[in-house]
Amino acid sequence: MDSEGTPTRITDRADGDATGFSWMAPHVIFVVIFVGENEVPFGILKDFLCHKSAFYRSHFANNQEEIEEGKLEHIVKLPQTSPEVFGYVQNFLYTGRLFMDADTHPGYEILIATWKLGHELGIDGLCDAVLEAMTECRRVTQHIPATPLLIQAWKDAPEDSTIRKLILGWAAEYIRSSESRQEFTKSLPQPMLSELVITMSNLDSSPAMQGNPLFPPTGLTNRKNVHYLEADDSDGEPLPKAQKHRHSEGLPHRSVQGERKAGPKKSTSRASLPVVKVKGKRASLHVDDHQYSTDQKMNFCADLLGRMLSGPGFWTRLVGPFREPVRPLEDGVPDYLDKIKSPMDLSTIKAKMDAHEYSNEQEFLSDVRLIFSNCFTYHKQGSPMWTNCEKFQKTFEEKYSTINKWIAKMDGDEGH
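Residues numbered from 1 in each chain as written. Predicted model: local features only at pLDDT ≥ 70, side-chain atom pairs only at ≥ 80, totals over all residues. Heavy atoms only, no water.

(A) Expanded view of the sheet that holds strand β1 (residues 30-35). Strand order in this open sheet of 3 strands is β2-β1-β3, and the pairing throughout is mixed. Of all the strands in the sheet, the pair left with one neighbour each is β2 (40-45) and β3 (73-78). Each neighbouring strand pair of the sheet contributes to a mean axis angle of 25°, computed without reference to strand direction. As defined by bridge partners, β1 adjoins β2 across 6 bridges and the pair is classed as antiparallel. Paired with phenylalanine 34 across the bridge in β2 is proline 41. (Pairing = 2+ DSSP bridges. Helix = DSSP H or I, 4+ residues; strand = E, 2+ residues; numbered from the N terminus. Axes fitted to C-alpha atoms, helices over the stretch in contact; angles between N-to-C directions.)

Structure, rendered in structure tokens:
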């Protein structure tokens, strides 16, 4: 276990009888495991935990001197693990199954994190069970993981590990069969591409599938929501020409769909949402925005929305995962509507803008910020989607802070 309390994978089993555990024998010592940033407690019998986990067998065998004689409980911490992930691990420890019922299908993010923890703790059979669940998730959702998650999982997985081989195999099949292969490969890091070349050379020589590609990364089919991790900070976009009508460009007009019905909201502990500080250069415009009309402000909002949806390239990379409504099963997040009460996306905002449903700029701003808060609520801090959303939020707030300058330029009174 490292200095932060996170387990590090051991390659060899600790000395001891891994098969000598019996429920017929007395077991009175517990291990209390504090999970996540909020230290949610899980209690497991020490003998049972050591029987199931090579890591904890080694941990307690190597720390006998620190264990007080007669002590009935020990404290360990897993600060980087979510309670949901550890819950699946615990369920597997006791039942030999990841899920309580066959209809449970957690998303790829949870499954990959569960594989990682199972690997680190040395729990026999857990990693294989996760790979089977990932294969089932692919069958049900008809998608492989979103590109940022795919890349992060590849980076985190040890070389020659089963999950790394699975990820590379899926990516290789997609590249070979998809018409969007160029967009996909551009988003991958060079070392991963190098491994993909080897993986693809080992695929059989059967012809590529025709028609729609099978199992594309989440968001790549039709919508082409390519999930990028990096965005070009230097956009170089000029101030646009004045618009006559409050219509955004970039997506075809569509009527606003009814609100989705969200399932009961579960109580989950989350880190504080990121606070964006707009650069002083853009926040220092001393113009009283009360002198501008609502129509002027809404024209700016429509223009900004149009730029987000239609380019330039850096906008495409930022907004990709947020252009369309989340589709829980297809996007590999089946519990999304249980956790998110008010879903929001850019195409819905555009439809509302085109239908003149926003009374003022604050209503527009509230909907855009709802996209950010939803993402930060559902995804774990530091995850690829969280990081991508943080970049999108930062860029949007900086662009929005230029509203007065934009209106002044349109009116020809900039600098007056």
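(B) The pattern of salt bridges, seen in detail. What the rule picks out here adds up to 13 salt bridges. Lysine 297 is the salt-bridge partner of glutamate 361, the closest N and O atoms lying 3.8 Å from each other. Of this pair, glutamate 361 sits in helix α15 (residues 361-378) while lysine 297 is found in helix α11 (residues 294-310), placing the two residues 64 residues apart along the sequence. Lysine 297 shares its class with glutamate 361; the two are buried. (Salt bridge = Lys/Arg side-chain N within 4 Å of Asp/Glu carboxyl O. Buried < 20%, exposed > 50% of the residue type's maximum accessible area, 1.4 Å probe, protein only.)

(C) Geometry of the nonpolar core. One finds Ile33, Leu98 and Met134 to be the most contacted residues of the largest nonpolar core, which totals 60 residues. Broken down by element, this core gets its largest block of residues, 9 residues, from helix α7 (residues 162-177). Apart from residues lying up to four places away in sequence, isoleucine 33 is in contact with Val40, Pro41, Phe42, Ile44, Leu49, Val76, Leu78 and Phe86. Core analysis: the second largest hydrophobic core is formed by 35 residues, Leu304, Tyr358, Leu365 and Ile407 among them. (Core = buried A, V, L, I, M, F, W, Y, C linked by side-chain atoms within 4.5 Å. Contact = heavy atoms within 4.5 Å.)

(D) Summary view of unusual backbone geometry. If you check the backbone angles, aspartate 160 has positive phi at about 65° while not being a glycine. Turning to its location among the elements, aspartate 160 is positioned in the loop between α6 (147-156) and α7. Exposure remark for aspartate 160: the relative accessible area of 64% places this residue in the exposed category. Unlike most non-glycine residues, histidine 356 shows phi in positive territory, near 55°.

(E) Just empty space enclosed by the protein, in detail. For the structure on display, the rule yields 2 cavities of 30 Å³ or more. What lines the largest cavity is simply Ile112, Trp115, Lys116, Ala153, Asp156, Ala157 and Ile163. Broken down by secondary-structure element, the contributors of at least two residues to the lining of the largest cavity are α4 (108-121) and α6. If you tally residues by element for the lining of the largest cavity, the top one is α4, at 3 residues. Split into classes, the residues belonging to the lining of the largest cavity amount to 5 nonpolar, no polar and 2 charged. (1 Å grid on protein atoms, 1.4 Å probe; cavity = no way out; pocket = protein on both sides within 12 Å on 5 of 7 lines; lining within 4 Å. Points joined across faces, edges and corners; volume = space filled by probe spheres on them. Nonpolar A, V, L, I, M, F, W, Y, C, P; charged D, E, K, R; others polar.)

(F) Seen up close, the pairing of β1. Two successive antiparallel strands, β1 and β2, enclose a turn made up of 4 residues, where glycine 36 displays a positive phi of approximately 80°. Here β1 runs beside β3; their pairing, made up of 6 bridges, is parallel. Bridging across to β3, valine 31 finds its partner in histidine 74.

(G) Expanded view of the packing of aromatic side chains. Scanning the entire structure with this criterion turns up 17 aromatic pairs. Measuring from centroid to centroid gives 5.5 Å for tyrosine 88 and phenylalanine 99, while their planes differ by 90°, and the two rings are edge-to-face. With tyrosine 88 in helix α3 (residues 83-95) and phenylalanine 99 in the loop between α3 and α4, this pair connects stretches of sequence that are 11 residues apart. For the residue pair tyrosine 88 and phenylalanine 99, the accessibility class agrees, reading buried in each case. Grouping aromatic residues by their ring pairs yields a cluster made of Phe300, Phe322, Tyr358, Phe364, Phe372, Phe392, Phe396, Tyr400 and Trp406. (Phe/Tyr/Trp six-rings, centres within 6.5 Å; stacked < 30°, edge-to-face > 60°.)

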